[in-house]
Amino acid sequence: MRMAHQIPNFVFRATAVAAAAILTTGWLAEPSGPGPFYRIDEEIKASPGDVLRVEPFPGPVVVGAQAWRVLYVSTGLAGEPIAVSGVIAAPKGGAPADGRPVVGWAHGTTGVTSRCAPSLRADFFEHVPGAAELLKRGYVVAATDYPGLGTPSPHPYLVGASEGRAVLDSVRAATKLKNAGASMRFALWGHSQGGHAALFAGQLAADYAPDLELAGVAVAAPATDLPKLLDDDLQSKAGKVLTALAMWSWNKVFDAPLSPLLDAPAIAAVDRIADDCMEDILQGIVLMEREKAIDRDFIHGDLTEAEPWRTLLQRNTPDAKAAGAPLFIAQGSADPVVRPEVTRDFAEAACRSGHSVQFLVGKGLDHMGILSRATSSAVQWISDRFARSPAPTDCADLPRVDEGTD
């Protein structure tokens, strides 16, 4: 889940007529396919976070900053070393003696096939909310593509261990780029699918990356309770597309069977959806207009109760008890993709577990609107954590999602 933070709130009210018009004008522009930079033909013998390949980022970069496209080592689901791509950016000039803190950005849904990697896009920095301000404040930004995006697909979509390790190893990779001047202190920032990734990175950090020092985890509209999330998403056009992506990915990654949950026309439609890339919610609606086979109740039975789907959904749901650091959570009260009540339940569970949680509710804001509203607050919150200020908490009076704070 995700999508570019510039998209306004009206996208969720786009009609089928508008979607069809966009489809006929060829609006679904996608990045070019990955080239040799993303391929590793030999066995990987390096350690997590080691940089395998680096080149200057080929597109526009934030003023006053420098950026690199990187291929680095992470850990696959079977514990094997794998290559993951991403982008690392740092301010120009010399770093302070103690190094620059790192912000690990975790992106939202772009797709599940290799050419959907954010690092392939020339306009990459337009899709990293807060990047200019973070770099201006002297931080390094490490942005993973996740496994299977850029590198050979399939992408393990909404697979917590895969995402979380890739995020943590992007931070490690930043510390190994001499010109970045990165320190071992870092924070996490993610939206939607990226919120899911950031939360998993936070809960994995102490065991997987004890060499790093986690200051805080900031998320907007995060995917948390996956059984509830996918069940809710089946009520909306864009949500059906996201569910289709998850089913396609888990079928490939975990060998989870699509039949009898899906009939043959639905399986074919899921395959076609998985071959497209997404950069915003409206594109999800356009994809749905193409795929009438999943326009209604395309799943036969209950995905959340059928095995192995039930176990996989539970295993890949972030644990609010194991946040790993103070939390900043932002949620729009009118979000049809990530239900506000589900996010509040996660925040409340984190509070009960003794974590500091700042919970920002954007009244009337949808899935993209909350990202635009929350970015400046998240950047300031991250800056305060790097300054070692005490983390604020709303746990004594957690805002209700039907009220909002705007």
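Structure: above.
Keep in mind that this is a model prediction, so the values were computed, not measured. (Residues numbered from 1 in each chain as written. Predicted model: local features only at pLDDT ≥ 70, side-chain atom pairs only at ≥ 80, totals over all residues. Heavy atoms only, no water.)

Draft legend 1. Just the packing of helix 3 (residues 160-175) against helix 4 (residues 193-208), in detail. Their axes nearest at 7 Å, the elements helix 3 and helix 4 cross at an angle of 70°. Relative to helix 4, the element helix 3 lies roughly perpendicular. In this structure, helix 3 contributes Gly 160, Ala 161, Glu 163, Gly 164, Arg 165, Val 167, Leu 168, Asp 169 and Arg 172 to the contact, and helix 4 contributes Gln 193, His 196, Ala 197, Phe 200, Ala 201, Leu 204, Ala 205 and Tyr 208. For the contact of helix 3 with helix 4, the per-class residue count stands at nine nonpolar, four polar and four charged. (Axes fitted to C-alpha atoms, helices over the stretch in contact; angles between N-to-C directions. Helix = DSSP H or I, 4+ residues; strand = E, 2+ residues; numbered from the N terminus. Parallel < 35°, antiparallel > 145°, perpendicular 65-115°, else oblique. Contact = heavy atoms within 4.5 Å. Nonpolar A, V, L, I, M, F, W, Y, C, P; charged D, E, K, R; others polar.)

Draft legend 2. A look at the sheet that holds strand 6 (residues 182-191). One open sheet holds the nine strands; their spatial order is 1-2-3-5-4-6-7-8-9, and the pairing between them is mixed. Of all the strands in the sheet, just strand 1 (51-56) and strand 9 (357-362) have a single pairing partner and so form its edges. Going from strand to strand, the sheet's axes swing by 20° on average, the running direction of each strand aside. Relative to strand 6, strand 4 (residues 100-106) is paired through six bridges, and the arrangement is parallel. By the bridge assignment, Ala 106 is partnered in strand 6 with Gly 190. In the packing of helix 4 onto the sheet, contacts are made with strand 2 (65-75), strand 4, strand 6, strand 7 (213-220) and strand 8 (327-332), and the angle to strand 6 comes to roughly 145°. (Pairing = 2+ DSSP bridges.)

Draft legend 3. Quick peek at the environment of Ile 370. With respect to the secondary-structure elements, Ile 370 resides in helix 11 (residues 369-386). By relative accessible area, which is 0% here, Ile 370 ends up buried. Put simply, Ile 370 and His 191 are 179 residues apart on the chain and 9.6 Å apart in space, counted from C-alpha to C-alpha. In this view, Ile 370 contacts Ala 221, Ala 330, Gln 331, Gly 332, Leu 360, Gly 362 and Leu 365; residues no more than four positions away in its chain are not counted. (Buried < 20%, exposed > 50% of the residue type's maximum accessible area, 1.4 Å probe, protein only.)

Draft legend 4. Layout of the packing of aromatic side chains. Tallied over the entire structure, the rule returns nine aromatic pairs. Look at Phe 124 and Phe 125: their rings are 5.0 Å apart centre to centre, the planes differ by 90°, and that puts the pair in the edge-to-face class. Judged by relative accessible area, which is 6%, Phe 124 ranks as buried. Phe 125 gets classed as buried once you look at its relative accessible area, which sits at 11%. Summarising the aromatic geometry, the rings of Tyr 139 and Phe 386 are spaced 4.9 Å apart at their centres and angled 65° between planes, so their arrangement reads as edge-to-face. Note that Tyr 139 is positioned in the loop between helix 2 (131-136) and strand 5 (140-144) and Phe 386 in helix 11, a separation of 247 residues in sequence. Of the two residues, Tyr 139 and Phe 386, neither departs from the other in class, the shared state being buried. Three or more aromatic residues joined by ring pairs form one cluster here, namely Phe 57, Phe 124 and Phe 125. Across from the ring centre of Tyr 208, 5.1 Å away, lies the NZ or CZ of Arg 172, which sits over that ring. (Phe/Tyr/Trp six-rings, centres within 6.5 Å; stacked < 30°, edge-to-face > 60°. Lys NZ or Arg CZ within 6 Å of the ring centre and 35° of its normal.)

Draft legend 5. Region of interest: helix 5 (residues 226-233). Extensive coverage of helix 5 is indicated by the burial of six of its eight residues. Next to the buried residues of helix 5 lie helix 4, helix 6 (237-254), helix 9 (309-315) and helix 10 (340-352).

Draft legend 6. Just the pattern of salt bridges, in detail. Going through the model one piece at a time under the given rule, you end up with 15 salt bridges. The partner of Glu 305 in a salt bridge is Arg 310, and the shortest N-O contact between them spans 3.4 Å. On the basis of relative accessibility, which here comes to 31%, the residue Arg 310 falls in the partly exposed class. Because the salt bridges share partners, they merge into one network encompassing Asp 169, Arg 172 and Asp 211. (Salt bridge = Lys/Arg side-chain N within 4 Å of Asp/Glu carboxyl O.)

Draft legend 7. Representation of the environment of Ala 89. Looking at the secondary structure, you find Ala 89 in strand 3 (residues 81-91). For Ala 89, a relative accessible area of 1% translates into the label buried. When the C-alpha atoms of Ala 89 and Val 62 are compared, they prove to be 8.7 Å apart, with 27 residues separating the residues in sequence. In this structure, Ala 89 is in contact with Gln 66, Ala 67, Trp 68, Phe 125, Leu 135, Tyr 139, Val 140 and Val 141, ignoring residues within four places of it in sequence.

Draft legend 8. Region of interest: the nonpolar core. In terms of nonpolar packing, the biggest core is built from 71 residues, with Phe 125, Trp 189 and Met 247 touching the most fellow members. Ignoring any residue separated from it by four or fewer positions in sequence, one finds Phe 125 in contact with Phe 57, Pro 60, Val 61, Val 62, Ala 67, Val 87, Ala 89 and Ala 131. Formed by 60 residues, the second largest nonpolar core is a distinct cluster that contains Val 102, Ala 173, Ala 205 and Leu 327. (Core = buried A, V, L, I, M, F, W, Y, C linked by side-chain atoms within 4.5 Å.)

These values are about where atoms sit, not about what they do.
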